[in-house]
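An overview of the molecular structure
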Amino acid sequence: MKYVLVTGGVVSGLGKGVTASSIGVLLKACGLRVTSIKIDPYLNTDAGTMSPFEHGEVFVLDDGGEVDLDLGNYERFLDIKLTRDNNITTGKIYQSVIDKERRGDYLGKTVQVVPHITDEIQVWIERVAMNPVDGTEEPADVCVIELGGTIGDIESMPFIEALGQFSYRVGPGNFCLVHVSLVPVLNVVGEQKTKPTQHSVRGLRGLGLLPDILACRSTQPLEEHVKVKLAQFCHVPIPNIINLHDVTNIWHIPLLLRDQKAHEVILKVLDLQCVGNVPREPKLAEWTDRASKCDKMKTPVRIAMVGKYTGLSDSYLSVLKALLHASVALNRKLVVDWVPSCDLEDSTAEETPDAYEKAWKSLKGADGVLVPGGFGDRGVQGKILAAKYARENNVPYLGICLGMQIAVIEFARSIMKLNGANSTEFDPTTKTPCVIFMPEGSKTHMGATMRLGSRRTYFQVNKCKSAKLYGNASYVDERHRHRYEVNPDMVPEFEKAGLSFVGRDESGRRMEIIELPTHRFFVGAQFHPEFKSRPGKPSPLFLGLIAAASGQLDHLLQRPCGVFSPTGRCTCFPNGPHKLKVYQNGHVVKPLKGLVNGHYPATGNGAIPI
């Protein structure tokens, strides 16, 4: 097993996660199997109890793991499925060591940070790195490890010590350290400054870690004399200094790495340069086309994102990525209008009328409305008003988790005239509980007590929009994160009034997907479809929202085949992909024209419209 460690210096938020993901893409494009591990040096055992304002969104895995959002980057970029063990936290490591101590595994020894904590970290990394993540039974060739935080943080010290030991443990040729640092420009001086990176590398070396590659973040490309200076004072060869300057979209990052021959440097350090006698070269034709296509899109589609955490985009990172994937697939330039749900409420009209007017203007100017998941009662009335506006005005609507539940509440209040209808989450004493606490949930413990991970949803109506978007499948597996559900005892009343529950779980009593059949596009999902959306395989429900918002839904639903398939089958996108680029192992094989028995031949592992 080979290991690539990505660390960060100077400041947080430099994009270590995207850098680590892009390195993975580059190595995968060179024909290697890649897995990823994220190390978070906080004491929480997982990200499940943290506010999105605190740490961004909580990303949910198939096995129900509530993890750092960077694992979402890894899954999207590398198209792999990770487990909860791929996210290491201080809390998990200490809990594991203490459990061993209580069992007597240490035979009476004094348990210390060194060697017991540091050994546990190394054993954990080696164990998880061997887990297959690409749908086969084969382990990865390379494990990309991202160390969260910034070099010098007190809480990172046990991990840095462990990783220093680990680099010697696996030996030369098996470990490559990529240090991401900032090269700022002071407006007063107007030149790129290397001193922050020099200090960061000096600190890294003082802790026993020697960088093989410097990945320098900057607004503009690095000047040549700056690279020379960095090489001189950081003791890193000039070819090993990679510049990650600002780009128009993050899909350009792997291309930046490729253009600067980062793969050659990494493969040389890891002693993986050749397959036989043939040098490894990354095959990124599909990735290149997607990045270029994203830049060229001009026709906008406006989506109003009505939520509670609109002040921090990372709170809804996977939702934004899913919207982008769908928009690119349908050749539309995504414009997201952030609408704080509280600002739609009547109380805001009295207290801050400008914010109220702005929120409603954004909502009414949107082509589609999306209400994402969330917890707590703050801003719920605003979300209900957004759902009501979309329903009454035939505006495409997608409600995710809580967004589905509030659509049910709004329907009960407005259509069924049940004025007191509510969720027991917001009003435990409501006499009309449309949404109730799940029987298997816990009201005393917050972490990992919800319905989490991949669960199966069975379609009840074959001709509904959702089923068509999923390629007329009889069931789908999607990821969940909720502790409240639609009251199954009220479902017959809802359906009699016109609300269709088109998707249910295996028991038939848990509602998973709602639709208004007479509406242009009004869909709610109890699961979180955004977690499984990929750049080349957009989530079907997000694809439906963007298609409806851009007037392409009818064409999309009339496709002769299913949703986007990585086998090269027809995607039937509204722009008319009767001319496709088909990819095989990252290379364009041939352009295809016309259908063969309703499909394009399965000659590659990807096809996108051109």
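All figures in this text were calculated on a predicted structure; none of them were measured in a lab.

1. So, the overall build of the chain
In terms of helices and strands, the chain carries 20 helices and 26 strands. Across the 610 residues of the chain, 58% fall into the buried class. A separation of at least 24 residues holds for 71% of the contacts in the chain among residues at least 6 apart in sequence. Put simply, the chain shows about 24900 Å² of open surface, and 51% of that area lies on carbon and sulfur atoms.

2. Digging into the environment of valine 491
Positionally, valine 491 belongs in helix H18 (residues 491-497). For valine 491, a relative accessible area of 4% corresponds to the buried category. For the pair formed by valine 491 and arginine 509, sequence separation is 18 residues and the distance between their alpha carbons is 9.0 Å. The residues touching valine 491, leaving out its near neighbours within four places in the chain, are Val486, Phe501, Arg504 and Met511.

3. Examining the confidence of the model for the chain
With 89% of its residues at a pLDDT of at least 70, the chain reaches an overall mean of 89. pLDDT under 50 marks residues 582-586. Its contacts with residues more than four places away, or in other chains, come to 29 contacts. Below pLDDT 50 for its whole length, residues 591-610 participates in 74 contacts with residues either more than four positions away or in separate chains.

4. Quick notes on the nonpolar core
With 52 residues, the main nonpolar core has Val4, Ile23, Leu27, Val178, Trp251 and Ile266 as its most contacted residues. Considering every element that reaches this core, the biggest residue donor is helix H1 (residues 16-29), with 7 residues. Setting aside its immediate chain neighbours within four residues, tryptophan 251 contacts Phe77, Trp287, Arg290, Ala291, Cys294, Leu324, His325, Val328 and Pro535. Grouped together as the second largest cluster of nonpolar side chains are 43 residues, Val306, Ala387, Ala390 and Val486 included.

5. Some points on the packing of aromatic side chains
All told, the structure shown has 13 aromatic pairs when counted by the stated rule. With 4.8 Å between their ring centres and 80° between their planes, tyrosine 3 and phenylalanine 166 make a pair best called edge-to-face. Of this pair, tyrosine 3 sits in strand S1 (residues 2-8) while phenylalanine 166 sits in helix H6 (residues 157-170), and the two are 163 residues apart along the sequence. Summarising the burial analysis for this pair, tyrosine 3 and phenylalanine 166 share the class buried. An aromatic cluster is defined as three or more aromatic residues linked by ring pairs; in this entry it consists of Tyr3, Phe166 and Phe175. Its end group placed over the ring of tryptophan 124, arginine 127 keeps NZ or CZ at 5.0 Å from the ring centre. A cation over a ring is seen here: arginine 290 above tryptophan 251, with NZ or CZ 5.9 Å from the ring centre.

6. Points about the sheet that holds strand S23 (residues 522-525)
Strands sit in the order S13-S12-S14-S15-S23-S22-S21-S18-S19 across an open sheet of 9 strands; the sheet is mixed. This sheet does not close on itself; its edge strands, each paired only once, are strand S13 (333-340) and strand S19 (475-482). Mean inter-strand twist for the sheet, computed between neighbouring axes without regard to direction, equals 25°. Bridge analysis of strand S21 (residues 500-504) against strand S22 (residues 511-515) gives 4 bridges, and the strand direction is antiparallel. Paired with phenylalanine 501 across the strands is isoleucine 514, a residue of S22. Each of strand S12 (300-307), S13 and strand S14 (368-371) is contacted by helix H12 (residues 317-329), which is oriented at about 150° to S13, the strand it contacts most.

7. What about the side chain of histidine 116?
You can see histidine 116 is positioned in helix H5 (residues 113-129). Only 3.0 Å separates the side chain of histidine 116 from the backbone nitrogen of glutamine 112, close enough to count as a polar contact. Discounting chain neighbours no more than four positions away, the residues touching histidine 116 are Val97, Tyr106, Thr110 and Val111.

8. Let's talk about the pairing of S1
For S1, the tally of buried residues reaches 7 of 7 residues, placing the bulk of the element in the interior. Both faces of S1 are covered, namely the face carrying Lys2, Val4, Val6 and Gly8 and the face carrying Tyr3, Leu5 and Thr7. Direction of pairing for S1 relative to strand S6 (residues 142-147): parallel, over a ladder of 5 bridges. Among the inter-strand pairings, valine 4 is bridged to a residue of S6, identified as valine 144. As paired strands, S1 and strand S7 (residues 175-182) are joined by 6 bridges and run parallel to one another. When the sheet's bridge partners are listed, leucine 5 is paired in S7 with leucine 177.

9. A look at the sheet that holds S6
Read from one edge of the open sheet, 7 strands run S5-S2-S6-S1-S7-S8-S9, paired in parallel fashion. Strands at the two margins of the open sheet, each flanked by one partner only, are strand S5 (87-89) and strand S9 (241-245). On average, each strand axis in the sheet is inclined to that of its neighbour by 20°, with strand direction left out of account.

10. A short note on the packing of helix H14 (residues 353-364) against helix H15 (residues 380-392)
Direction vectors running N to C along H14 and H15 enclose 35°, while the axes themselves pass 11 Å from each other. For the crossing formed where H14 meets H15, the hand is right-handed. Residues Trp360, Leu363 and Lys364 of H14 pack against Leu385, Ala386 and Tyr389 of H15. Among the residues making up the contact of H14 with H15, the classes are represented as 5 nonpolar, no polar and 1 charged.

11. Observations concerning the packing of H5 against H6
Across the interface, H5 lies against H6 with an axial gap of 9 Å and an inter-helix angle of 65°. The way H5 lies across H6 gives a crossing that is right-handed. Contacts between H5 and H6 pair Val113, Val114, Ile117, Thr118, Asp119, Ile121, Gln122, Val123, Ile125 and Glu126 from the former with Pro158, Phe159, Glu161, Ala162, Leu163, Gln165, Phe166 and Arg169 from the latter. Among the residues making up the contact of H5 with H6, the classes are represented as 11 nonpolar, 3 polar and 4 charged.

12. Considering the environment of arginine 479
Examined against the element boundaries, arginine 479 turns out to sit in strand S19. It is 6.9 Å that separates the C-alpha atoms of arginine 479 and phenylalanine 531, two residues lying 52 residues apart in sequence. A polar contact is formed between the side chain of arginine 479 and the backbone oxygen of valine 60, at a distance of 3.0 Å.

Thresholds applied
Residues numbered from 1 in each chain as written. Predicted model: local features only at pLDDT ≥ 70, side-chain atom pairs only at ≥ 80, totals over all residues. Heavy atoms only, no water. Helix = DSSP H or I, 4+ residues; strand = E, 2+ residues; numbered from the N terminus. Buried < 20%, exposed > 50% of the residue type's maximum accessible area, 1.4 Å probe, protein only. Contact = heavy atoms within 4.5 Å. Areas by Shrake-Rupley, 256 points an atom, 1.4 Å probe, with all protein chains shown as cover. pLDDT = per-residue confidence, 0-100. Core = buried A, V, L, I, M, F, W, Y, C linked by side-chain atoms within 4.5 Å. Phe/Tyr/Trp six-rings, centres within 6.5 Å; stacked < 30°, edge-to-face > 60°. Lys NZ or Arg CZ within 6 Å of the ring centre and 35° of its normal. Pairing = 2+ DSSP bridges. Axes fitted to C-alpha atoms, helices over the stretch in contact; angles between N-to-C directions. Polar contact = N/O pair within 3.5 Å; in protein donor to acceptor, adjacent residues only side chain to side chain. Left-handed = near helix turned anticlockwise from the far one by under 90°. Nonpolar A, V, L, I, M, F, W, Y, C, P; charged D, E, K, R; others polar.

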